[in-house]
Amino acid sequence: MDGIDEFAQIIANRPNANYTKVITSGMGKAGQIAHTLATTLSSTGTPSCFLHPAEAQHGDLGIMTEGDILIVFSNSGKTREVVELIDLVQHLYPEAKILSVTGDAQSVVATKSSKNLSYGPVEEICPLGLTPTTSTTCMSVICDLIVVGVMSKIGFTKQQYAKRHHGGYNGERSKK
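Structure report, in brief. Please read these numbers as outputs of a predicted model, since none were measured by experiment.

A closer look at the overall build of the chain
Here is step 1: Secondary structure assignment for the chain yields eight helices and five strands.
Here is step 2: In terms of overall dimensions, the chain is globule-like: its C-alpha atoms have a radius of gyration of 16 Å, near the 16 Å expected for 176 residues.
Here is step 3: Along the longest, intermediate and shortest principal axes, the C-alpha atoms of the chain span 45 × 40 × 30 Å.
Here is step 4: Expressed as a percentage of the 176 residues in the chain, the buried residues total 43%.
Here is step 5: A separation threshold of at least 6 residues defines the contact pool for the chain, and within that pool the share at least 24 residues apart is 65%.
Here is step 6: Of the roughly 9,300 Å² of accessible surface on the chain, 53% is carried by carbon and sulfur atoms.
Here is step 7: Averaging the locations of the 15 positively and 16 negatively charged side chains of the chain gives two centres separated by 11 Å.

Structure follows, in structure tokens:
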């Protein structure tokens, strides 16, 4: 997917990569996916953290500095707290790169973002058609592809992986 490669390129080439980070955000299940992206990027050589969009409005936006990249997740692209977070970031850092992953490329979140990656409208597989299931699977796959793309672009090695993973099965495997 061209959009995934573009996201990976933006993240890998962020200004002052030794001092800037990726901040991810989203509400509910989309927020959990965003949190996973942040931890996976961090463990693979790209400093990242999760910012809860509601907490951002009460001072936690202070985690963001100039040059950081914000990646937001919203299936509908209308999530009030995410829209408000984008507005706050654009007010604080007008030049900030804001990337979004949505199910609607024409949504307010998508149009307010520097770049949007949309997986298109999906039907949730739960019996009610409401519980985030299919949409979160799409988001998770996109996140994994972004991580792999960034790792490739920054030349992340097995030795660098081992330095960040001291325990567990993958930590042991990376040291061999």
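Looking at the environment of E81
Here is step 1: Here E81 is to be found in helix α4 (residues 80-92).
Here is step 2: E81 sits in the buried class, given a relative accessible area of 16%.
Here is step 3: Sequence separation between E81 and S25 is 56 residues; the distance between their C-alpha atoms is 9.8 Å.
Here is step 4: Non-local contacts of E81, meaning those with residues more than four positions away in its chain, are made with M27, P53, A54 and Q57.
Here is step 5: Among the polar contacts made by the side chain of E81, one reaches the side chain of R80 at a distance of 3.0 Å.

Notes on the layout of surface pockets
Here is step 1: Estimated volume of the largest pocket: approximately 220 Å³.
Here is step 2: Forming the boundary of the largest pocket are 14 residues, of which P15, G67, E95, A96 and K97 lie nearest the centre.
Here is step 3: Partitioning the lining of the largest pocket into residue classes produces six nonpolar, three polar and five charged.
Here is step 4: In terms of lining residues, the second largest pocket is bounded by A12, R14, A17, N18, G45, T46, P47, I154, F156, Q160 and R164.
Here is step 5: A breakdown of the residues in the lining of the second largest pocket according to their chemical character gives five nonpolar, four polar and two charged.

Looking at the side chain of S74
Here is step 1: Topologically, S74 is positioned in strand β3 (residues 69-74).
Here is step 2: Setting aside chain neighbours within four positions, we find S74 in contact with A30, T79, V101, T102, G103, V109 and M139.

So, unusual backbone geometry
Here is step 1: In this model, N16 sits at a positive phi of 50 degrees, which is unusual for a non-glycine residue.
Here is step 2: In this structure, N16 sits in the loop between α1 (2-12) and β1 (22-26).
Here is step 3: A residue is classified by how much of its surface remains accessible, and N16, at 55% relative accessible area, is exposed.

As for the packing of aromatic side chains
Each aromatic ring pair is characterised by the separation of its centres together with the angle its planes make.
Here is step 1: In this structure the tally under the stated criterion is one aromatic pair.
Here is step 2: Between F156 and Y161 the ring centres are 6.5 Å apart and the planes differ by 70 degrees, which places this aromatic pair in the edge-to-face class. For the pair formed by F156 and Y161, the shared burial category is buried.

Criteria and thresholds
Residues numbered from 1 in each chain as written. Predicted model: local features only at pLDDT ≥ 70, side-chain atom pairs only at ≥ 80, totals over all residues. Heavy atoms only, no water. Helix = DSSP H or I, 4+ residues; strand = E, 2+ residues; numbered from the N terminus. Rg over C-alpha atoms; globule rule 2.2 N^0.38 Å. Buried < 20%, exposed > 50% of the residue type's maximum accessible area, 1.4 Å probe, protein only. Contact = heavy atoms within 4.5 Å. Areas by Shrake-Rupley, 256 points an atom, 1.4 Å probe, with all protein chains shown as cover. Lys, Arg positive; Asp, Glu negative; His and termini not counted. Charge placed at Lys NZ, Arg CZ, Asp CG, Glu CD. Polar contact = N/O pair within 3.5 Å; in protein donor to acceptor, adjacent residues only side chain to side chain. 1 Å grid on protein atoms, 1.4 Å probe; cavity = no way out; pocket = protein on both sides within 12 Å on 5 of 7 lines; lining within 4 Å. Points joined across faces, edges and corners; volume = space filled by probe spheres on them. Nonpolar A, V, L, I, M, F, W, Y, C, P; charged D, E, K, R; others polar. Phe/Tyr/Trp six-rings, centres within 6.5 Å; stacked < 30°, edge-to-face > 60°.

Any functional reading would require information that these geometric values do not contain.
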